[in-house]
Amino acid sequence: MPRTGLGKLRSPGVRWGGGVILAGGLLAALVLPGGTEDAAGQGQTVASDGLRHTTVEVSPGGCGRGWGNPRPGTQVFDLHNTSAAAAEVYLKSPRSGAVYGEVEGIGPGTTRHLRVRLGRGSYAFMCLPDDADAVTGPTVRIDGGGRAGPAAAPVTEHDLIPPALDYQKWVAGGLDDLVGRTGTLRAALARGDLAAARDAWLPAHLAYERLGAAYGAFGDADQQINGTTAGLPGGERDPDFTGFHRIEYGLWHGQSAGSLRPPAAALDDAVRKLRDDWAQTRMEPADLGLRAHEILENTLQSELTGRTDYGSGSTLATARAHLDGTRAVLTRLRPLLVPRYPGLPQVESELRRTQRLLDGFRKDGRWPALSDLDRNRRERIDAVFGDLVERLASVATLCDARRTV
């Protein structure tokens, strides 16, 4: 669950703000029957959940209309789109632009619900119709009450271009290293040295795994280089099973060097082509924050379940490489996150703690197989990674590119 005031709930098209983070399925809790009209009237009701609901218009000509009796505290705005186009809506500070909450995908004639905690300060709704300019409604002032819930200045796609370009340069260096390591693996198999090939396989594989945030830009090359047997009818014998895991399976299941030379050559060729093509590739800047979350989410789903172990028992080493990959993304996003995410120091601290935990399992340069760990140690690893995934969800939310015009 996100740990920021701008949590995202994609399924109903709602992003929740004001420090209240809701999971899917709780949307109905904001639309309860049996509400009574507030004593002050003006489109406000108190629902049976005890929260004040205020109906607010969403339209180019009437953005924010209906909020005529501002009050502090936790409350719900029923955002009703009276226009002919779908729209997003932000509740923001008119002075700083910081967003307290947002709702996306409000179709014509429909209503979405935004729950926020408001305190002393000035607020305004911004309506962003599809294919039209943004419109900011009237400023509303709340003079009493305590502090409002969390807010953050929106990150635009323009803001994300510099960190994305810097990350691409870092990936280019990683690809140079990867080419050298897959060449070493290929050479070992070419001369029939299976022991040397096993020693070369893991450093090469980890060099690739550290580039996790770039996978979306690698296209079909990712499947060629690091694909698994998932969806392949022939399993390990399927001709489409290629790349690192194909070689891993052969090296740790007694296959000959001769049988592994073609897959190793194909892997090395694919890596070299990826490196050569990378200068013309452009990552989508808006994806960078999401990748910071997805790398470790995928670690939990794949490496820490053993699904990607084809005999080497190296999934803990891969998980450790994913921590490096996550840190590489956060380093580039840090200038954007420092003023927006108070929880960033805790994320960085947890990354270091998780790194120390995994490093503690490595003995004499060897990593234990996941299956060699007892239940207590596996649960501890799952717990720290799960905690990191929750915290990094806030990074994905805060770095989701938003319109401001």
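Model, not experiment: these values are computed from the prediction.

Draft legend 1. Up close: helix H1 (residues 157-190). Between its first and last C-alpha, H1 extends 47 Å over 34 residues, near the 50 Å set by a 1.5 Å rise per residue. Backbone geometry just after H1 places Gly192 at a positive phi near 80°.

Draft legend 2. Local environment of the packing of aromatic side chains. If you walk through the whole model with that rule in mind, you get 14 aromatic pairs. Residues Phe77 and Phe125 carry aromatic rings whose centres are separated by 5.1 Å and whose planes lie at 80° to one another, so their mutual orientation is edge-to-face. Of this pair, Phe77 sits in strand E6 (residues 73-81) while Phe125 sits in strand E10 (residues 121-129), and the two are 48 residues apart along the sequence. Looking at Phe77, the relative accessible area reads 0%, which means it is buried. Between Trp201 and Trp252, the ring centres sit 5.7 Å apart and the planes meet at 75°, which makes this aromatic pair edge-to-face. Here Trp201, found in helix H2 (residues 194-209), pairs with Trp252, found in the loop between helix H5 (243-251) and helix H6 (257-277); they are 51 residues apart in sequence, far enough to count as distant. Classification of Trp201 by relative accessible area gives buried; the value is 0%.

Draft legend 3. Quick peek at the pairing of strand E8 (residues 99-106). Counting buried positions over the eight residues of E8 gives seven, a clear majority of the element. Taken together, the five bridges between strand E7 (residues 87-92) and E8 define a ladder with antiparallel strand orientation. In the strand pairing of E8, Tyr90 is matched with Glu102. Hairpin connection of E7 to E8: six residues between the antiparallel strands, including Gly97 at a positive phi of 80°.

Conventions used here
Residues numbered from 1 in each chain as written. Predicted model: local features only at pLDDT ≥ 70, side-chain atom pairs only at ≥ 80, totals over all residues. Heavy atoms only, no water. Helix = DSSP H or I, 4+ residues; strand = E, 2+ residues; numbered from the N terminus. Expected span 1.5 Å × (residues − 1). Phe/Tyr/Trp six-rings, centres within 6.5 Å; stacked < 30°, edge-to-face > 60°. Buried < 20%, exposed > 50% of the residue type's maximum accessible area, 1.4 Å probe, protein only. Pairing = 2+ DSSP bridges.

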